[in-house]
Amino acid sequence: MDESVRNSTKLDIEGVRQQSATEALRAESERKESYRKLGEPDVNRNGFDGVTTATATNRTESSLRMPRENGTGAKDGEEERMLNGGGLDAPAVRGDGEPTEKDKLAQKEVEVKFIPSQNGDARIDMELESQQALTGMTKEELMKYANDPFWVRLRWLLFVLFWALWGAMLLGSFYIIYDAPKCAAPVPLTWWQEGPLVELDSEQYAEQLPDVERYGAKGVIYHLPADETYLIHTAAVQGKVKQLVSTFGTKNIKVVVDITPNFVTKNDALFQEALQQPDSAAHSAFVWREPGLKPPNWLSIAEEGSAWKNASNNQYVLSQFGPDRFDLQFGEPVARDKLKATLRALLELGVRGVRLANAKHLLINRDGGNESPMNLEEADKSLTHTDYGFWAHKETTYREGLGELFHELTELVHTQTNGDGFLSVTEDILRPEVFATNGTLPIDAPLYGNIEFDLREDSGADVARKLRHDIENAYRTINGYRALGESEKPWLQLRYNRASLEHVPASEYSVFHFLLPGVPVFPLDVLTKGNVSHESVETLEKFRATPSFQHGLFSVYNDANASAIAYTRLKSGNPGYFVVLNLAQTEQRTLDFSGIDGIGSELTVVLTSQNYAVPNVSVK
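Per chain, residue numbering runs from 1 following the sequence as it is written. Reporting of local features is limited, given that this is a predicted model, to residues whose pLDDT is at least 70; pairs of side-chain atoms are given and counted only at 80 or more, and all residues count toward the totals for whole chains, interfaces and linings. Only hydrogens and water are set aside when side-chain values are computed; all heavy atoms of the structure are taken into account.

1. Quick word on the overall build of the protein
A helix here means a DSSP run of H or I that spans at least four residues, while a strand means a run of E at least two residues long, and both kinds are numbered starting from the N terminus. When helices and strands are tallied, the protein shows 24 helices and 21 strands. For the protein, buried positions account for 39% of its 620 residues. Contacts are assigned to residue pairs with any non-hydrogen atoms lying within 4.5 Å of each other. In the protein, of all internal contacts separated by at least 6 residues, the share reaching a separation of at least 24 is 65%. A total accessible area of about 35000 Å² is found for the protein, and carbon and sulfur atoms account for 52% of it. When a residue's accessible area, from a 1.4 Å probe over protein chains only, is under 20% of the maximum for its type it is buried; when over 50% it is exposed; and in between it is partly exposed. Only the protein chains shown count as cover for residues, and all accessible areas are computed by the Shrake-Rupley method using a 1.4 Å probe.

Printed below as a string of structure tokens:
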């Protein structure tokens, strides 16, 4: 073979080394060099061809070797045979029949890259092309199993399972949406819960209208004379109630009426029927003792002596509330119907709230025996057996069944007024468990707790601590019951009057009460004679309309020295309120409430009482 031909198959690495960096870059951008597979002449070059001439065989060793970069020589074509399997179509094997790692590598396609460097040299980078990824079965191979019975049944089974599961998930999602408990929106406060409710002077209520309106009262309370409770169907009483409703209705102020349902007078038609017909239903509406039998030792509430009176039919009849007043027994349907008729008549006249006096006396044990004295722990040591407070009165007060009775009456009021009216009481119920039924307290605005009486006490070391205890106890007890109406919980009455202001002035008393959970109930003279400004009451009423008051959390605290009391009204996302009342009579000006969690380091003063005298502190 000619020498020029042989030399043309060599890789001139020395020439590449002499290229400039610019030429190497240009060569790389134009194309990439790669070695081709050795042809047949190249395979026979190293002695496999027997026709090779002697001249070619005797050439100098230098002309037969390719120079290496490290200065060592290599025979012509040796580099190519090394990379490509020595020029053979099949890889060489070891003595044990296995291809060598070098032979395996030689079968790979090799890509050569020329990478220039800063000193003008070029580096050769050889990369193996990625191996071909393993492929699955062809379409023709798969079609062989298309009609196979096993795979057909499997496909149908998977098809049915898929849509069955999909349908089950769809139906399940509908059921979850339908059956999931709803997050009901907070029920807004009704007019009587927003308050305040102002007690009127029964004779001069028309003159009180301007002040009632300026103080922003939501309702007024009128005390119907006790003997007129069951005279509501007479023209005189109806005219009085109509005038009352009309006077305050022009100012969008609701009317609440206090009634005394416990008794009727001697001229009442029901009592006269009971006297004349001993076997009638009217007779069973009262509590009797047969002639000749000594009645029990029950005492009168309104006067000294026995609660039993000798009627014209020679029978003893129960009369706890004074002369010519005879107690009704509301365990009997006829007595309940009489009270319900009175409630309906009041509501038809426009009254939107009713409070019942003497609620604990509405049920009586008609067959009861003698009363027993109060236990020594509860008894007033100054009382004797002739005093009403000496006895326990278990036969005439807090009788079982009061809960069912109030449930009927409250439902009647709610139904008659489409939920706009309410039924409540005028005295502390003391034992709310007696008035409850099935976890519900059917009194819309119960009066309960010692808050009013604690504030009447002179300030002392334990007044603030005792007040906190009684406030927490009152709300814990009442909040343990559900309300009968739309309200989640019963709404406490927060009652106070002029007698409550002996130690706490009217301004401080009003600020403290208005932001407690409940409705303030007070006579108008508490504000007018206490010099409470209209502006301060208006500000408090704005606070009562906020979410923090209507739906916020309520917590009570004492300061570090237990000389003051405070509470918070907090609802997430809304401004909260922190109310502090200092009960100490000293000149203490600094109170430490740093132990309260959730209170910011800085607060904005939004209202102070009239007697607040700390310097350099003002609203806003």
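Here the narrative resumes.
2. Remarks on the pattern of salt bridges
Salt bridges are identified by distance alone: a Lys or Arg side-chain nitrogen within 4 Å of an Asp or Glu carboxyl oxygen. Taken as a whole, this structure holds 20 salt bridges when the rule is applied. Between Glu 213 and Lys 251 there is a salt bridge; the shortest N-O distance is 3.9 Å. In this pair, Glu 213 is assigned in helix 12 (residues 205-214) and Lys 251 in the loop between helix 13 (235-249) and strand 7 (254-259), connecting sequence segments 38 residues apart. Classification of Glu 213 as partly exposed rests on a relative accessible area of 41%. We note a salt bridge from Arg 366 to Glu 332, for which the minimum N-O separation is 3.4 Å. One end of the pair, Arg 366, is in the loop between strand 13 (353-356) and helix 17 (402-416); the other, Glu 332, is in the loop between strand 12 (325-327) and helix 16 (333-348), and 34 residues separate them in sequence. Look at the salt bridges and you will find they share partners, linking Glu 199, Asp 258 and Arg 355 into a network.

3. Some thoughts on the layout of surface pockets
Cavity: a set of points on a 1 Å grid over the protein atoms alone where a 1.4 Å probe fits but cannot get out. Pocket: an open set with protein on both sides within 12 Å along at least five of seven lines, its lining residues, like those of a cavity, having an atom within 4 Å of a point. Grid points are joined across faces, edges and corners, and a volume is the space filled by probe spheres set on the points. Its boundaries defined by the atoms lining it, the largest pocket holds a volume of some 1800 Å³. Forming the boundary of the largest pocket are 50 residues, of which Val 580, Leu 581, Asn 582, Leu 591 and Tyr 612 lie nearest the centre. Elements with a contribution of two residues or more to the lining of the largest pocket: helix 21 (506-514) and strand 21 (577-582). Counting residues per element, the lining of the largest pocket draws most heavily on strand 21, which supplies six residues. Gly is placed with the polar residues, together with every amino acid not listed as nonpolar (Ala, Val, Leu, Ile, Met, Phe, Trp, Tyr, Cys and Pro) or charged (Asp, Glu, Lys and Arg). Here the residues of the lining of the largest pocket are counted per class, giving 29 nonpolar, 16 polar and five charged.

4. Some remarks on the sheet that holds strand 9 (residues 288-289)
As a general point, the strands of a sheet are linked pairwise by backbone hydrogen bonds and lie either parallel or antiparallel. Ordered in space as 9-11-10, the three strands form an open sheet in which the pairing is antiparallel. The strands lining the two open edges of the sheet, one partner per strand, are strand 9 and strand 10 (308-310). Note that strand 10 and strand 11 (residues 316-318) share three bridges and pair antiparallel. Bridge pairing links Lys 309 to Val 317 in strand 11. Being paired, for any two strands, means DSSP has found at least two bridges between them.

5. Quick word on the nonpolar core
Take the buried residues of types Ala, Val, Leu, Ile, Met, Phe, Trp, Tyr and Cys, join any two whose side-chain atoms come within 4.5 Å, and each joined set is a nonpolar core. Grouped together as the largest cluster of nonpolar side chains are 114 residues, with contacts concentrated most on Phe 248, Phe 286, Phe 435 and Phe 512. Here this core takes seven residues from helix 20 (residues 463-478), the largest share from any one element. Filtering out sequence-adjacent residues up to four positions away, Phe 286 remains in contact with Val 264, Leu 270, Phe 271, Ala 274, Val 317, Phe 326, Asp 327, Leu 328 and Arg 366. Grouped together as the second largest cluster of nonpolar side chains are six residues, Trp 298, Ala 307, Leu 318 and Ile 364 included.

6. Describing empty space enclosed by the protein
Under the defined criterion, the tally for this structure stands at two cavities of 30 Å³ or more. Taken as a whole, the largest cavity holds about 120 Å³ of empty space. Looking at the lining of the largest cavity, the elements with two or more residues in it are helix 19 (451-456) and strand 17 (493-495). Lining the second largest cavity, in full, are Ala 226, Asp 227, Thr 229, Tyr 230, Leu 231, Phe 263, Val 264, Thr 265 and Asp 268.

7. Focus on the packing of aromatic side chains
Side-chain rings of Phe, Tyr and Trp, where Trp is taken by its six-membered ring, are said to pair if the distance between their centres is within 6.5 Å; with planes under 30 degrees apart they count as stacked, over 60 as edge-to-face, and otherwise as tilted. For the coordinates displayed, the defined rule picks out 27 aromatic pairs. Among the aromatic residues, those joined into a cluster by ring pairs are Trp 156, Phe 159, Phe 162, Trp 163 and Trp 166. Throughout this description, the term charge over a ring refers to an Arg CZ or Lys NZ atom that lies within 6 Å of the ring centre and within 35 degrees of the ring normal. Sitting over the face of the ring of Trp 298, Arg 289 holds its NZ or CZ atom 5.9 Å from the ring centroid.

8. Quick look at the environment of Ser 300
Turning to its location among the elements, Ser 300 is positioned in the loop between strand 9 and strand 10. The spatial distance from the C-alpha of Ser 300 to the C-alpha of Gln 320 is 4.4 Å, given a sequence separation of 20 residues. Those residues within four positions of Ser 300 in sequence are excluded, and the remaining contacts are Gly 305, Ser 306, Ala 307, Ser 319, Gln 320, Gly 322 and Tyr 388. Pairing of N or O atoms within 3.5 Å defines a polar contact, subject to two protein rules: one partner must be a possible hydrogen donor and the other a possible acceptor, and residues neighboring in sequence count only if both atoms are side-chain atoms. Within the local environment of Ser 300, its side chain forms a polar contact with the backbone nitrogen of Ala 302, the two atoms lying 3.3 Å apart. Separated by 3.3 Å, the side chain of Ser 300 and the backbone nitrogen of Glu 303 make a polar contact.

9. Here we look at the UniProt feature "transmembrane region" (unreviewed entry) in the protein
UniProt positions are given in the numbering used here, feature names are shortened, and annotations may be inferred rather than shown by experiment. Here the UniProt-annotated "transmembrane region" (unreviewed entry) positions come out as residues 156-178. With 100% helix and 0% strand, the stretch residues 156-178 has end C-alpha atoms that lie 33 Å from each other.

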